[in-house]
Amino acid sequence: MIAYFFRRVLHMIPVFLGVTCITFALMNLTPGDPAEIMLRGTSGVQPSPEAIDAAREAMGLNDPVYKQYAAWLWRVVHLDLGRSYSSNLPVWQELTDRLPATLLLGMWALAAMLAISLPLGIGSALYPHSWVDRLARIVAMLSISMPGYWLGLLLVYYGSVKLKLFPVMGMDGFRSVVLPALTLGIGMAGNYIRVVRSGLLDVLGTSYIKAARAKGLQESLVIGRHAAVNALLPVMTMLGINIGGLLGGSVIVETIFSWPGIGKFAVDAIFKKDFIVIQGYVLLMAVFVVSVNLAVDLCYRMIDPRIRLR
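Keep in mind that this is a model prediction, so the values were computed, not measured.

Participant: Explanation requested: helix α5 (residues 91–126) in the structure shown.
Facilitator: Each α-helix turn comprises 3.6 residues. Residues three or four places apart therefore point the same way. Here α5 spans 50 Å end to end across 36 residues, near enough to the 52 Å set by a 1.5 Å rise per residue. Maximum bend of α5: about 35 degrees, positioned at L99, with proline P100 one to four residues after it.

So this is what it looks like as structure tokens:
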């Protein structure tokens, strides 16, 4: 396991280098002069050409592209993502200040998704062609069909405007996280219902489940200990994908609900053309996605003996 872990960590290095190359190249191809944006953001007035030239020289923007990339990568290795053009604060500080809000939203969204998908998926597999199965299929179809922004606005209309149970925007206590978490959780639940249902149906038809039942084991033990463990392995893979997507893909939901997370911060940076913030955001999301996938692979090896034997 230790050797496998270090091999995977070594494989992550080229991935990070590729992400940094693509991110840096895209930011350099984006229209706009970072020096002019920085000067305009700090002073609020249009800078003179002389001030722009001096700022470009101080920021190293007149150097060749490969030197700019090497200097930026060296700072990134030392956890220095630069300073925001608009606020002049360290990008690392700006991201880490907003990361807890995004993590909190993601945690509650995963809890909402599991609370919806696991009971419906398991009930649909155990009682096929019943009312539970029909309900699960309807919920899954609605979850997959509804766009996230439309569902968020719908929840705001009924939960905040009509019933006045939850705040419309901001982060103030538990009630403020309910609507954005439900928006993300309901949007993910449909795929999980289908995966849990199909995985459990496949496992229930295997010979070792029939043998466990023939031995006289209780049905709850057969389902909980033998069937569910193997049926939920694909769910772990989807969780690895969705956890990274929650951190980077909750941009729309955070914008709708004015949630003070890194997703909304990235959207604001795009409108302000704060390129250095966008670079740091993309790099941080890449680190999270790759790290979560590594954790999922390690969990696979611990849960499934067949992978360990290979």
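Okay, back to it.
Participant: Would you mind showing me how to read the nonpolar core here?
Facilitator: Generally speaking, soluble globular proteins have nonpolar side chains that are buried together. Grouped together as the largest cluster of nonpolar side chains are 28 residues, with contacts concentrated most on L95 and Y281. Only α1 (2–29), α4 (65–77), α5, α13 (262–272) and α14 (275–303) provide two or more residues apiece to this core. When residues in this core are grouped by element, the largest group, 9 residues, is from α14. Not counting the four nearest positions on each side in its chain, L95 is found in contact with L81, I262, F265, G280, Y281 and L284. Within the second largest apolar cluster, 22 residues are counted, among which are L155, M188, V196 and V253.

Participant: I'm lost on the packing of α1 against α14 in this one. Help?
Facilitator: Helix-helix packing: each pair is described by the crossing angle between the helix axes and the interaxial distance. Between α1 and α14, whose axes approach to 10 Å, the crossing angle comes to 160 degrees. With respect to α14, the element α1 is oriented roughly antiparallel. Note that α1 runs across α14; the crossing there is right-handed. Of the residues contributing to the contact of α1 with α14, the split by class is 18 nonpolar, 4 polar and 3 charged.

Participant: Hey, could you run me through the pattern of salt bridges in this one?
Facilitator: Between side chains of opposite charge, a pair can form as their charged atoms come close. For the coordinates displayed, the defined rule picks out 4 salt bridges. Among the salt bridges present, the one from D133 reaches R137, with a minimum N-O distance of 3.4 Å. With D133 and R137 both in helix α6 (residues 131–145) and 4 residues apart, this pair spans about one turn of that helix. A salt bridge links D133 to R197; its shortest N-O distance comes to 3.0 Å. In this pair, D133 sits in helix α6 while R197 sits in helix α8 (residues 175–204), placing the two residues 64 residues apart along the sequence. Just as D133 is buried, R197 falls in that class too.

What counts and what doesn't
Sequence order as written defines residue numbering, which begins from 1 separately in each chain. Since the coordinates come from a predicted model, pLDDT governs what is reported: local features require at least 70, and pairs of side-chain atoms require 80 or more to be given and counted, while whole-chain, interface and lining totals use all residues. Side-chain measures here rest on the full set of heavy atoms in the structure, leaving out hydrogens and waters. Under the DSSP-based scheme used, a helix requires at least four consecutive residues in state H or I and a strand at least two consecutive residues in state E, with every element numbered from the N terminus. A helix is expected to span 1.5 Å for every residue after the first. In this analysis the local bend is the angle between axes fitted, respectively, to the seven residues ending at and the seven residues starting at the residue. Residues enter a nonpolar core if they are buried and are Ala, Val, Leu, Ile, Met, Phe, Trp, Tyr or Cys, with the set joined through side-chain atoms within 4.5 Å. Only protein chains enter the accessibility calculation, which uses a 1.4 Å probe; a residue is then buried when its area is under 20% of its type maximum, exposed when over 50%, and partly exposed in between. Contacts are residue-level and defined by heavy atoms, with any inter-residue pair within 4.5 Å sufficient. To get an axis, fit a line to the C-alpha atoms, keeping to the stretch in contact for a helix; angles then go from 0 to 180 degrees between the N-to-C directions. Note that the term roughly parallel is reserved for angles under 35 degrees, roughly antiparallel for angles over 145, roughly perpendicular for angles of 65 to 115, and oblique for everything else. By definition, any crossing whose near helix is turned counterclockwise from its far helix by less than a right angle is left-handed, and any crossing with a clockwise turn is right-handed. Under the scheme applied here, ten amino acids are nonpolar (Ala, Val, Leu, Ile, Met, Phe, Trp, Tyr, Cys and Pro), four are charged (Asp, Glu, Lys and Arg), and all others, including Gly, are polar. Whenever a carboxyl oxygen of Asp or Glu lies within 4 Å of a side-chain nitrogen of Lys or Arg, that contact is scored as a salt bridge.

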